[in-house]
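# Analysis of the macromolecular model
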Amino acid sequence: METIRIINYIITIIFAVCYAYQFLYVPISLWFQHKDGWRSKNANKNMDDELCDRHLKSYAVLISARNEAAVIGQLIDSINNQTYKGKITTFVMADNCTDNTFDVASDHGAIVYTRKSAKYIGKGYAIEMLLKNIRHDFPMGFDGYFVFDADNILSPDYVEEMHKCHLAGNEAITSYRATKNYGDNWISAGYGLWFLRESMYLNYPRYRLGSSAAISGTGFFFSGSVLKDIGGWPFHLLTEDIEFTIDRICKGRKIAFCRSAVFYDEQPTSLKQSVTQRMRWARGYLQVFGKYGKTLLSEMFHGSFAAFDMTMNIMPAFFLTAISITCNLLYGIIGAITGGNILIALYSMGETVFNACATLFALGAITLITEWKNIHASTARKIFSLFTFPVFMLTYIPIAFTALFVNPGWKPIQHKATTSPITMEIAHRETRSKIS
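### Re the overall build of the protein
- Within the protein one finds 16 helices and eight strands.
- Computed over C-alpha atoms, the radius of gyration of the protein comes to 22 Å, within 12% of the 22 Å expected from 2.2 N^0.38 for 436 residues, which places it in the range of a compact globule.
- Once the C-alpha set of the protein is aligned to its principal axes, its extents read approximately 75 × 50 × 45 Å.
- A burial count over the protein gives 53% of its 436 residues as buried.
- Of the contacts formed within the protein by residues at least 6 apart in sequence, a portion of 82% connects residues at least 24 apart.
- On the protein, roughly 19,300 Å² of surface is accessible, and the fraction owed to carbon and sulfur atoms is 61%.
- Of the side-chain charges in the protein, 42 are positive and 36 negative, and the distance between the mean point of each set is 3 Å.

### Thoughts on the packing of aromatic side chains
- All chains considered together, the criterion is met by 36 aromatic pairs.
- Residues Phe220 and Trp233 carry aromatic rings whose centres are separated by 6.3 Å and whose planes lie at 25° to one another, so their mutual orientation is stacked. Placement of Phe220 in strand β7 (residues 220-223) and of Trp233 in the loop between α8 (224-230) and α9 (240-250) is noted, with a sequence separation of 13 residues between them.
- Residue classification places Phe220 among the buried residues on the basis of a relative accessible area of 2%.
- You can call Trp233 buried: its relative accessible area is 3%.
- Put simply, the rings of Phe91, Phe138, Phe142, Tyr145, Phe220, Phe222, Trp233, Phe235 and Phe244 touch in pairs and so form one group of aromatic residues.
- In this arrangement the basic side chain of Arg259 is found over the ring face of Tyr204, its NZ or CZ atom lying 5.3 Å from the centre.
- Its guanidinium or amino end placed over the ring of Tyr396, Arg278 lies 5.3 Å from that ring's centre, counting from NZ or CZ.

### A look at the confidence of the model for the protein
- Per-chain confidence: the protein averages 89 in pLDDT, with 92% of residues scoring 70 or above.
- Note that residues 430-436 has pLDDT below 50 and, in this model, four contacts with residues that lie over four places away or in other chains.

### Section: the nonpolar core
- Core analysis: the biggest nonpolar cluster contains 76 residues, and Leu62, Tyr145, Phe222, Trp233, Phe244 and Ile246 have the highest contact counts within it.
- Among all residues touching Phe222, those that are not within four sequence positions of it are Leu62, Gly144, Tyr145, Val147, Glu171, Ala172, Leu227, Trp233 and Phe244.
- If you look at the next biggest cluster of nonpolar residues, it comprises 32 residues, including Ala65, Ala110, Val112 and Ala150.

### Here we look at the packing of α9 against helix α11 (residues 305-314)
- With their axes 10 Å apart at the nearest point, α9 and α11 run at an angle of 155° to one another. Taken together, the axes of α9 and α11 are roughly antiparallel relative to one another. Note on packing geometry: the crossing formed by α9 with α11 is left-handed. In contact with Ile242, Thr245, Ile246 and Ile249 of α9, α11 contributes Ala306, Ala307, Met310 and Ile314.
- Here the contact of α9 with α11 is built from residues that sort into seven nonpolar, one polar and no charged.

### Focus on the pattern of salt bridges
- Applying the stated criterion across every chain, the model contains nine salt bridges.
- With a closest N to O distance of 2.8 Å, Lys123 and Asp149 form a salt bridge. With Lys123 in helix α5 (residues 123-137) and Asp149 in strand β4 (residues 144-149), this pair connects stretches of sequence that are 26 residues apart.

### Some details on the sheet that holds strand β8 (residues 256-265)
- Taken in spatial order, the eight strands make up an open sheet running β3-β2-β1-β4-β7-β6-β8-β5, and their pairing is mixed. If you trace the sheet from one side to the other, it starts and ends with β3 (111-115) and β5 (153-154), each paired once.

### Notes on helix α10 (residues 271-301)
- Of all the bends found along α10, the most pronounced is centred on Tyr292 and spans about 70°.
- By the N-cap criterion, in which a side-chain oxygen at the helix start approaches the backbone nitrogen of a residue two or three places on, α10 is capped by Ser270, the distance to Lys272 being 3.3 Å.
- The first or second residue beyond α10 is Gly303, which carries a positive phi of 100°.

### Here's the deal with the pairing of β8
- The buried fraction of β8 amounts to ten of the ten residues, a majority that puts the element mostly inside the structure.
- In the sheet, β5 pairs with β8 via two bridges, with the strands oriented antiparallel. Along β8, the bridge assignment pairs Leu154 with Phe263.
- Across seven bridges, strand β6 (residues 172-179) lies against β8 in parallel orientation. Along β8, the bridge assignment pairs Ile173 with Ala256.

Rules and cut-offs
Residues numbered from 1 in each chain as written. Predicted model: local features only at pLDDT ≥ 70, side-chain atom pairs only at ≥ 80, totals over all residues. Heavy atoms only, no water. Helix = DSSP H or I, 4+ residues; strand = E, 2+ residues; numbered from the N terminus. Rg over C-alpha atoms; globule rule 2.2 N^0.38 Å. Buried < 20%, exposed > 50% of the residue type's maximum accessible area, 1.4 Å probe, protein only. Contact = heavy atoms within 4.5 Å. Areas by Shrake-Rupley, 256 points an atom, 1.4 Å probe, with all protein chains shown as cover. Lys, Arg positive; Asp, Glu negative; His and termini not counted. Charge placed at Lys NZ, Arg CZ, Asp CG, Glu CD. Phe/Tyr/Trp six-rings, centres within 6.5 Å; stacked < 30°, edge-to-face > 60°. Lys NZ or Arg CZ within 6 Å of the ring centre and 35° of its normal. pLDDT = per-residue confidence, 0-100. Core = buried A, V, L, I, M, F, W, Y, C linked by side-chain atoms within 4.5 Å. Axes fitted to C-alpha atoms, helices over the stretch in contact; angles between N-to-C directions. Parallel < 35°, antiparallel > 145°, perpendicular 65-115°, else oblique. Left-handed = near helix turned anticlockwise from the far one by under 90°. Nonpolar A, V, L, I, M, F, W, Y, C, P; charged D, E, K, R; others polar. Salt bridge = Lys/Arg side-chain N within 4 Å of Asp/Glu carboxyl O. Pairing = 2+ DSSP bridges. Bend = angle between axes of the 7 residues up to and from the residue. Polar contact = N/O pair within 3.5 Å; in protein donor to acceptor, adjacent residues only side chain to side chain.

Here it is in structure tokens:
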């Protein structure tokens, strides 16, 4: 049984070697935040507003919605009330809907199309069809395209800030993802803290170091030239966002991060839905590596740090986790059958879990402290989420392991109309702007 301790120790060492550079992102991000000013949005502070106004562009917003009548109106309203002075046209693909998403989106001013397909399921197919319809009905196209999920809400200056980032020469951009229902329960808080960490302690230092950020599902932008380059939207894997990211990196392109463009996302509160969603993500990572792995590794060995970063982001953790779980289970079963001392295996596994929890707690604490003002929940909820965050992240282990053998397919996540603090705050801002 002493062998299992050695195996767990070796796996921990390999894990540390693979991901040590991401721990360096933390002090790098803190240093850049200090340099920029803790309260400064920074990203576009040197961009002259008058210059931006002289270079207004036409933007399209792409929304794939499946039975999202409860929330899509809030998103479209937040788009309609942007401070950006240029033209914004909102397009919605009502994808396999059985509710009145079409009517709600139309009533709020969006141009809405419908799609019915029992075979081609998923956001990637919906976006592809939406772009085909836009190309047919708007042959002149647009200067750029934003992609949002129906449950999102945008800060009033979101498009304006992304526009500035685009004018600075960035053709693909992701943005700062906050959570509008952080305080609902430990699951939504777990998602919320992770996405804040992803924004400020992964994408932000990547961008500031001249590498590429990673797109995470929603809240991103690509220019008209990028659309021509990729030839529509050929990304149909379970994680089309990561597929798009990897495609850009394999072509030697970079994705920027706009810290000052803030949007709010609704997170699942049901453990069942969370497991389904994260299993899809885990399986999608495997699909992406299967499709792009050879090219990604080639770029990595030719000196691309972004390719190395994304390879580490989508792959080693899965195999290391699978090996660890398999070895510990086998040793436990063998010990129980042969009458050996399984306490050594249990102690070794407990030691590994404790170290993982301590690391996750530290990362969560740093994120919570620095992003405190962008977390819209009570003080008690914020502090409580710090202790449940490691638990939330550890639930990913059995999920990722299962995804090695099970393809969950694409299933929609149910969203609900919300009166969260951030929703009400943005609504009040929009009301005040209309009055003034």
